[in-house]
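In case you want the letters, here they are:
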Amino acid sequence: MKLLALVLAVSIVAGCSPVQSDEPVVPAEEEVLPVEPDGSIGDGVSRPMLMPMVYNEFSQAIEAGAGCAFVSQGNTDPQFVATAPDSDKIAGKGAIKINDTIVVLTHNGVGLAQVEAGGVFASEAVEVTIAHSGGEPSSENKGTYFWPATLKISQDEVGSNMYEGTYECGA
């Protein structure tokens, strides 16, 4: 009888002991946060995300000509493109791509020099601000010059997002 009680007690204790596993234990209620454009873990807040564009996408939305493009770190295609006539009466136009849709923006200044300086481009629901250090730009060739820059996008009811990269201007 003692032997039966001992076997029963060992069986009960063995059934209650923790199971060894190499798998990490993740609580069921833990929220997985999104990865932000810079690769860091976000706070779960929805933000407008710019998509890179190719020439055929933005050239149909804004006029061809001299202008500028913002290319964020890690990308080769621009997320923002702007052109303007060399006129002190006509505002420049910009284009971005959000959710596979090209959005046309109007610059708050006039002429090519204002577009090169950066500043605010806006539509009814989206605002893009280009900020660069100014001063002498760098150049890889005679037709193009660039500055390190920051692009901030704000979208009604969605929030804002910030990108680091270069603002490249030329013909």
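For every chain, the first residue of the written sequence is number 1, and numbering continues from 1 along that sequence. Where local features are concerned, this predicted model is filtered to residues with pLDDT of at least 70; where side-chain atom pairs are given and counted, the filter is 80 or more; whole-chain, interface and lining totals use all residues. Think of the side-chain values as coming from all heavy atoms in the structure, minus any hydrogens and water.

## What to know about the packing of aromatic side chains
Link 1 in the chain: Two aromatic rings from Phe, Tyr or Trp, using only the six-membered ring of Trp, form a pair when their centres are within 6.5 Å; if the ring planes differ by under 30 degrees the pair is stacked, by over 60 it is edge-to-face, and anything between is tilted. Under the criterion given, the structure shown has 3 aromatic pairs.
Link 2 in the chain: Here phenylalanine 80 and phenylalanine 121 contribute two aromatic rings whose centre-to-centre distance is 4.9 Å and whose plane-to-plane angle is 65°, an arrangement assigned as edge-to-face. Placement of phenylalanine 80 in strand E2 (residues 80–83) and of phenylalanine 121 in strand E5 (residues 119–122) is noted, with a sequence separation of 41 residues between them. One exposure class covers both phenylalanine 80 and phenylalanine 121, and it is buried.
Link 3 in the chain: Pairing tyrosine 145 with tryptophan 147 gives two aromatic rings, centres 5.7 Å apart and planes at 90°, and the pair type is edge-to-face.
Link 4 in the chain: Relative accessible area decides the class of each residue, using a 1.4 Å probe on protein chains only: under 20% of the type maximum gives buried, over 50% gives exposed, and in between gives partly exposed. A relative accessible area of 22% places tyrosine 145 in the partly exposed class.
Link 5 in the chain: On the basis of relative accessible area, tryptophan 147 is assigned to the buried category, the value being 7%. Here a strand is any run of E in DSSP of at least two residues, a helix any run of H or I of at least four, and the numbering for each starts at the N terminus.

## Here's the deal with the nonpolar core
Link 1 in the chain: Grouped together as the largest cluster of nonpolar side chains are 22 residues, with contacts concentrated most on Phe80, Ile96, Val128, Leu151, Ile153 and Tyr167.
Link 2 in the chain: Only strand E1 (67–72), E2, strand E3 (91–98), strand E4 (101–110), strand E6 (126–132), strand E8 (144–155) and strand E9 (159–170) provide two or more residues apiece to this core.
Link 3 in the chain: For this core, the leading source of residues is E8, giving 4 residues.
Link 4 in the chain: Joining through side-chain atoms within 4.5 Å is the link that ties buried Ala, Val, Leu, Ile, Met, Phe, Trp, Tyr and Cys residues into a set, and such a set is a nonpolar core. In terms of nonpolar packing, the next biggest core, distinct from the first, is built from 6 residues, Met53, Ile62, Val81 and Ala95 among them.

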